[in-house]
Amino acid sequence: MTDCNGLVTKSELPSQSGECLVLSVYLFRNGSLQANALLIAIGAAAGVGVTVLVKPLTAIDRRNVNGLARNEPSSHNQSLNRNTGGSAQQGKAPSTISNAIQLTDPQERALALHTAGADAARQDPAAALLLAAGLNSEQDKLEYLRGIYSVWGSTDPTAALEYAKSNMAAGLARSETIGIAVNKWASKDPRAAWLWSQENLSGPLKEQALTDVLIGWTRKTPAAAAQWMASTGLTSQPLISVLAKTWAEQNPKAALDWSKTLATKEAIQSAQTAVASEWAAQNPPQAAESLTPAVSLPDGANLATAITEIWGTTDPKATSDWFNSLPSGPGKDEAAATLATVWAASDIQGAIAWSATLADPNIQRQVITHIGTTWGAIEPDSALEWLTSLPGPIASEGIIGAFNSWAATDPIGLREAVDANPTLPEMDQARLALADVLASSDISSSMTLASQISSSTGRDDATARYFRQWRKIDDTSAQEWLAQNWNSLTPSVQQRLTLEQRRNIVVR
């Protein structure tokens, strides 16, 4: 999505007895932190170490502008030259590009290229497009095109749109430039921009263009845009959300009042959730105070999430105070779960300390589950050590979540932990978590893990489930496995798999 300046904006071990489980005799191997650090280091090195070269821009022949096109020259190509404002500063843009591509900081580089494209387009859009063709890096070219279209979309949106539609290959550059141009057009003549998008585009490209038109319109005259949408009878939830969020950028209270006038419950919820997200980004205490009555309603869970996931990242303590003020209900439950996740991601000890203060056992269990799931993806050893120190009834779901996160982020480390402790019944949940992850790539290993579960009921259920899944993926291989391993299966597993054989399956 683009803003009005043409820049991209970035508008997720149960115990049968309930007793505390003590995992004291096995050692977990945690490779997550090292793996994450390595990936971050590699990414950083790649991000700053790439040198991008460009062709000598001053050697580009202006007469080759149509070389950018995949099609033959058309009327809109001719309009490029008709609408140029002269080229008195043609020498400036190449120098600006040359300076820009020397920058190693990605944000500084993007801004410099955007500025260079805008400056070049003010002088001569055709010459600016020629310079874009000389950029070897697709990312650099995209940033430069964004700058071109931030200006060209205002001065001659029809020519800019026709050029992008007819001459740019399908992909990010075309969708971005079209979005920028219709956004600029909509700030001056929204109905014309909307009509052009309706008549000239289709599919996701059309949907995104209409969204950008609505953003441009709402930023100029939000009430008029809302009135027009109501007159058309449009019920698109994405468009309603976009209008509400864009209006809330300027006046969240007015956007909230408008949301209450919408015809359907679904539309009201979509609009209010969008308002809540934008308002919380601007002033979370004010947003929370104004929206608390709506959060307290039976359908207030989405609003609670929108406020908490933003406020909780900046001031979790203040967010927890607001949470305490909420009446019991879905909104409070959702606020607790969301706050646990975002707080644990930034301050695990603070989140743990908060969880200990919760008086409601149901909310406390939910919070501990989310903390354990979040922590388990980063430091599973520490997460499980903490979880197994808690009473079983409030920690069991958190242990499941921690193992699931461990399996998803570090299956090799979890497999080593399972293999090192094959007889521990407490590892059953680890086996199930790992088997679920492996089922899509190595389901025979999932079957082996299922057969190692200590509980006969759990073993039978898991083996039958994975065998059923295997039959759907590749029934021939599943039958071969069954024939080879039949004699090693327990009688109860044999009975369950015999029942599975009688099921009708749909092979994928």
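Residues numbered from 1 in each chain as written. Predicted model: local features only at pLDDT ≥ 70, side-chain atom pairs only at ≥ 80, totals over all residues. Heavy atoms only, no water.

Draft legend 1. Spotlight on the overall build of the chain. Counting secondary structure elements, the chain contains 27 helices and zero strands. Across the 508 residues in the chain, those meeting the buried criterion constitute 47%. On the chain, roughly 24,200 Å² of surface is accessible, and the fraction owed to carbon and sulfur atoms is 53%. (Helix = DSSP H or I, 4+ residues; strand = E, 2+ residues; numbered from the N terminus. Buried < 20%, exposed > 50% of the residue type's maximum accessible area, 1.4 Å probe, protein only. Areas by Shrake-Rupley, 256 points an atom, 1.4 Å probe, with all protein chains shown as cover.)

Draft legend 2. Representation of the pattern of salt bridges. Overall, the coordinates contain 17 salt bridges when judged by the stated rule. For Asp 140, the salt bridge is made with Arg 109, and the minimal N-O distance between the two is 2.7 Å. With Asp 140 in helix α6 (residues 138-155) and Arg 109 in helix α4 (residues 106-123), this residue pair connects regions lying 31 residues apart in the sequence. For Asp 140, a relative accessible area of 4% corresponds to the buried category. Across the salt bridge formed by Asp 475 and Arg 471, the nearest N and O atoms sit 2.8 Å from each other. Of the two residues, Asp 475 and Arg 471 both sit in helix α26 (residues 456-485), four residues apart, roughly one turn of that helix. (Salt bridge = Lys/Arg side-chain N within 4 Å of Asp/Glu carboxyl O.)

Draft legend 3. Looking closely at the packing of helix α20 (residues 361-376) against helix α22 (residues 392-409). With their axes 7 Å apart at the nearest point, α20 and α22 run at an angle of 20° to one another. Between α20 and α22, the crossing angle belongs to the class labelled roughly parallel. Crossing angle aside, the handedness with which α20 passes α22 is right-handed. For the pair α20 and α22, the contacting residues are Gln 364, Arg 365, Ile 368, Thr 369, Gly 372, Thr 373 and Gly 376 in the first and Pro 393, Ile 394, Ala 395, Glu 397, Gly 398, Gly 401, Ala 402, Ser 405, Trp 406 and Thr 409 in the second. The residue inventory of the contact of α20 with α22, partitioned by class, reads six nonpolar, nine polar and two charged. (Axes fitted to C-alpha atoms, helices over the stretch in contact; angles between N-to-C directions. Parallel < 35°, antiparallel > 145°, perpendicular 65-115°, else oblique. Left-handed = near helix turned anticlockwise from the far one by under 90°. Contact = heavy atoms within 4.5 Å. Nonpolar A, V, L, I, M, F, W, Y, C, P; charged D, E, K, R; others polar.)

Draft legend 4. Region of interest: the side chain of Ser 445. Tracing the chain through its elements places Ser 445 in helix α25 (residues 443-451). With a relative accessible area of 15%, Ser 445 lands in the buried category. Here Ser 445 is in contact with Arg 415 and Leu 438, once residues within four sequence places are set aside.

Draft legend 5. Just the nonpolar core, in detail. In this structure, Tyr 144, Ile 148, Tyr 149, Trp 258, Ile 371 and Phe 403 are the most contacted members of the largest nonpolar core, which totals 133 residues. When sequence neighbours within four positions are dropped, the list of residues in contact with Ile 371 reads Ala 340, Ala 344, Ile 348, Ala 351, Ile 352, Ser 355 and Trp 386. (Core = buried A, V, L, I, M, F, W, Y, C linked by side-chain atoms within 4.5 Å.)

Draft legend 6. Spotlight on the side chain of Glu 278. Among the structural elements, Glu 278 can be located in helix α14 (residues 265-282). Side chain to side chain, Glu 278 and Lys 245 meet in a polar contact 3.1 Å long. Non-local contacts of Glu 278, meaning those with residues more than four positions away in its chain, are made with Lys 245, Ala 248 and Glu 249. (Polar contact = N/O pair within 3.5 Å; in protein donor to acceptor, adjacent residues only side chain to side chain.)

Draft legend 7. View of helix α7 (residues 157-167). The buried fraction of α7 amounts to eight of the 11 residues, a majority that puts the element mostly inside the structure. Along α7, the residues classified as buried are Pro 157, Ala 159, Ala 160, Leu 161, Tyr 163, Ala 164, Ser 166 and Asn 167.

Draft legend 8. Region of the structure containing the packing of aromatic side chains. Evaluated as defined, the whole model comprises 11 aromatic pairs. Ring geometry for Phe 323 against Trp 354: centres 5.8 Å apart, planes inclined by 80°, an arrangement best described as edge-to-face. Highlighted residues: Phe 323 in helix α17 (residues 316-325) and Trp 354 in helix α19 (residues 348-356), separated in sequence by 31 residues. The rings of Tyr 149, Trp 152 and Tyr 163 are connected pair by pair, giving a single aromatic cluster. One cation-aromatic arrangement involves Lys 332 over Phe 323; the distance from NZ or CZ to the ring centre is 5.1 Å. The ring of Tyr 466 has Arg 465 lying over it, and the distance from NZ or CZ to the ring centre is 4.6 Å. (Phe/Tyr/Trp six-rings, centres within 6.5 Å; stacked < 30°, edge-to-face > 60°. Lys NZ or Arg CZ within 6 Å of the ring centre and 35° of its normal.)

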